[in-house]
Amino acid sequence: MTDFKRKVIYQIYPKSFKDSDGDGFGDLRGVTEKLDYLQDLGVDDLWLTPFFLSPQNDNGYDVADYRRIDPKFGTMADLEELIAEGGKRGLGLMLDMVFNHTSTSHEWFRRAMAGDEKYQKYYFFVDGEGGQVPTNWQSKFGGSAWEYVPSLRKWYLHLFDVTQADLNWENPEVREELKDIIRFWKDKGIKGFRFDVVNLISKPDIWEDDAEGDGRRFYSDGPRIHEYLQELMRDTGGEEMITVGEMSSTTLEHCIRYSNPEEKELLMCFNFHHLKIDYNNGQKWELMEPNLTALKQLFVEWQIGMQEGNGWNALFWCNHDQPRIVSRLGNEEAYWYESATMLATVIHLMRGTPYIFQGEEIGMTNPHYTSVSQYRDIESINYYEILLAQGKSKAETLEILAARSRDNGRTPMQWDDTAYAGFSETEPWIEIPDNYKMINTAAQQYEERSIFAYYKQLIRLRKDNPLVADGDIAFMEEDNPHILAYQRSLGEERWFVWNNLTGDQETVRLPRGCEHHRIILGNYESADINQEKCEITLRPYEALVLSE
Ligand code: GLC
């Protein structure tokens, strides 16, 4: 796999993409219906979040059978059609492998619960000392990470929901089972995989309390993680696949190893540090204004660090776990177009492979829900109770959910201004934001000045200019917290990328070598450049790309 640097990957959350059979729930045939749209956008591969058999307690991240398709999403024939139709349009399919845990409805877990020792060893069933919980670790969705099973007199580990039991990768049989699943999907014509929270799969040898935190320091980038990834790739023909790992609370050093080609692990990694810059004290459920200085520092650290270590970043702002970026770092009212396009520029022209999450390319916003009954996500519903129990008022709790809930990214794709936004003929499983009449693909796809058209241009730039994929990166304006600016260079060619992260006007210096510039891209009609003074004035949320 050599061309992954030139690719742009599009993430589909099938449940909310397009409903083809009128049950209010998106499905695989809905994705097939929209392939022409995706081809027009110009993306290369489609990553689909899980549609495997699942009780859907965590929207499919609780897998009950990795080889079967949940009937809610369609059939194997529907998937085969999607693979074939995608192939005709040059769109490869990537599946989401949730290998840190299975659903407790998975046959392996059910057998374990029925007393089968072979399958108990697939998970972590642990005796607590004196009947006590084995460690004080916390589940990522709130509460203890251990659940007691009276019939077995043991506790099992679940870093996520109680219905998502962690798999024991120490057991070679588990590793073989998981390799078989990869081979099964590769044989069907699947081109790549996104590995869910994959840096959590290696647990420590001893169970101990975490006196400093929730336990994550013991299992994030755990002791045998690199060995496991190397083995998985070696035994499944990893070099032929496009692979990306979702890395939770990871470090730069580990991500270099995960993605440096010499290590033969993955092609690239997602990390989330840049999406915690509005977490107060690192706490997701405590609101804070975004710290733009921290954001810049993180980009510098990860871009330069991965370049020096020959690693590769998966670049992204949005996914099914994150609020919409235009609502978060942009201004969805006064500068909706400008801030959405500026934020796209930041990501797409850095060193790495960009990911677009469905609806991002038309500037979809958070839905601004005002009642807990509008939420569907297990984490949001759990935290609603937790925050109230902590003494927060209902109004404050709802304000926090509206900013932080994962449902912000899960509302149905807005296709047009008809009822239910053209997503479905019936009321969808989750409410559509009121702004769908204005923000939808029909209003943008064929417009010259639209967020969609701008994303298309960014994708084209990557295809037409090797510098975007292969060039080096160096940062400019490092002391100015409002401007995120960098240079890209390849051979004799050099580009300068400026992004005004704020709604205020800012003046920056035109760098040497840029006097006889050419405008490559911008989100305003023209650039405000003063040649005599060697200055550029950047208007609110302006993005400007010049070449030498
Ligand atoms: C990842 C997924 C998220 C899921 C979790 C547990 O973070 O993106 O949606 O809840 O893993 O599988």
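Our subject is the structure that appears above.
Residues numbered from 1 in each chain as written. Predicted model: local features only at pLDDT ≥ 70, side-chain atom pairs only at ≥ 80, totals over all residues. Heavy atoms only, no water.

1. Regarding the pattern of salt bridges
- On inspection of all chains with the given rule, the structure shows 41 salt bridges.
- Between R89 and D36 there is a salt bridge, with the nearest N and O atoms lying 2.6 Å from each other. Remark: D36 occurs in helix α2 (residues 35-41) and R89 occurs in the loop between α3 (76-88) and β5 (92-97); sequence separation between them is 53 residues.
- Overall, R89 belongs to the partly exposed group, its relative accessible area being 22%.
- The residue D278 makes a salt bridge to R404 at a minimum N-O spacing of 3.8 Å. Pair noted here: D278 is in the loop between β13 (268-270) and β14 (279-280) and R404 is in helix α14 (residues 394-404), with a separation of 126 residues, a long-range link.
- In this structure D278 comes out as buried when scored by relative accessible area, which is 5%.
- Because the salt bridges share partners, they merge into one network encompassing D58, K284, D321, D377, E379, R406 and R410. (Salt bridge = Lys/Arg side-chain N within 4 Å of Asp/Glu carboxyl O. Helix = DSSP H or I, 4+ residues; strand = E, 2+ residues; numbered from the N terminus. Buried < 20%, exposed > 50% of the residue type's maximum accessible area, 1.4 Å probe, protein only.)

2. Describing the sheet that holds strand β24 (residues 535-538)
- The strand order β21-β24-β23 describes an open sheet built from three strands, whose pairing is antiparallel. For this open sheet the edge positions go to β21 (506-509) and β23 (528-530), each flanked by a neighbour on one side alone. Taken over all neighbouring pairs, the strand axes of this sheet differ in orientation by 25° on average, direction set aside.
- Alignment of β23 against β24, held across three bridges, turns out to be antiparallel. Across the sheet, the residue bridging to D528 is T537, located in β24. (Pairing = 2+ DSSP bridges. Axes fitted to C-alpha atoms, helices over the stretch in contact; angles between N-to-C directions.)

3. Here's the deal with the environment of D417
- In this fold, D417 is placed in the loop between α14 and α15 (441-444).
- Owing to a relative accessible area of 43%, D417 belongs among the partly exposed residues under this scheme.
- Measuring from C-alpha to C-alpha, the distance between D417 and D44 comes to 28 Å, with 373 residues separating the pair along the chain.
- D417 has contacts with Y436, K437 and N440, leaving out every residue within four places of it along the chain. (Contact = heavy atoms within 4.5 Å.)

4. Focus: the layout of surface pockets
- The volume enclosed by the largest pocket comes to roughly 1,000 Å³.
- Lining the largest pocket we find 39 residues, and of these K140, R216, K284, W285 and E379 sit closest to its centre.
- Class assignment of the residues belonging to the lining of the largest pocket gives a composition of 13 nonpolar, twelve polar and 14 charged. (1 Å grid on protein atoms, 1.4 Å probe; cavity = no way out; pocket = protein on both sides within 12 Å on 5 of 7 lines; lining within 4 Å. Points joined across faces, edges and corners; volume = space filled by probe spheres on them. Nonpolar A, V, L, I, M, F, W, Y, C, P; charged D, E, K, R; others polar.)

5. Observations concerning the sheet that holds β13
- The eight strands are arranged β13-β12-β11-β5-β2-β1-β17-β16 in an open sheet whose pairing can be described as parallel. The sheet is open, and its two borders are formed by β13 and β16 (314-315), each paired with just one other strand.
- Inspection of the sheet shows strand β11 (residues 192-195) paired to strand β12 (residues 242-246) by four bridges, in the parallel sense. Following the sheet pairing, F195 is matched in β12 by G245.

6. Quick notes on the site of the ligand
- Surrounding the ligand, one finds 14 residues, the nearest of these being D58, H101, D196, H320 and D321.
- Note that an oxygen atom of the ligand is positioned 2.5 Å from one of the side-chain N or O atoms of D58.
- Here R194 contributes a side-chain N or O atom positioned 3.2 Å from an oxygen atom of the ligand.
- Relative to its unbound accessible area of 310 Å², the ligand is 96% covered by the protein chains.
- Structurally, the ligand is housed in the largest pocket.
- Looking at the shell around the ligand residue by residue, the classes come out as four nonpolar, three polar and seven charged. (Near = heavy atom within 4 Å. Polar contact = N/O pair within 3.5 Å; in protein donor to acceptor, adjacent residues only side chain to side chain. Areas by Shrake-Rupley, 256 points an atom, 1.4 Å probe, with all protein chains shown as cover. Sits in = over half its atoms within 2 Å of the grid points.)

7. Digging into empty space enclosed by the protein
- With the rule as written, the count across this model stands at four cavities of 30 Å³ or more.
- Taken together, 13 residues make up the lining of the largest cavity; nearest its centre are N271, H274, F299, W302 and N313.
- At the level of secondary structure, the elements contributing two or more residues to the lining of the largest cavity comprise α10 (292-308) and β16.
- If one sorts the elements of the lining of the largest cavity by residue count, α10 sits on top with four residues.
- Among the residues making up the lining of the largest cavity, the classes are represented as eight nonpolar, five polar and no charged.
- Considered as a void within the structure, the second largest cavity measures approximately 70 Å³ in volume.
- For the second largest cavity, the full set of lining residues is W317, C318, R324, I325, V326, A340, L343, A344, E360, G363, M364 and Y455.
- Per-element tally for the lining of the second largest cavity: the top contributor is helix α12 (residues 336-348), with three residues.

8. Quick notes on the packing of helix α13 (residues 378-389) against α14
- Two elements in contact, α13 and α14, have axes whose closest approach is 10 Å; the angle formed by their N-to-C orientations is 145°. Seen from above, α13 lies across α14 with right-handed handedness. Between α13 and α14, the contacting residues are S380, Y384, L387 and L388 on the first element and K394, T397, L398, I400 and L401 on the second.
- Its residues assigned to classes, the contact of α13 with α14 shows six nonpolar, two polar and one charged. (Left-handed = near helix turned anticlockwise from the far one by under 90°.)

9. So, the nonpolar core
- Ranked by size, the top nonpolar core spans 148 residues in total, and within it Y10 and W317 carry the most contacts.
- Grouped together as the second largest cluster of nonpolar side chains are 15 residues, F124, W146, F160 and Y219 included. (Core = buried A, V, L, I, M, F, W, Y, C linked by side-chain atoms within 4.5 Å.)

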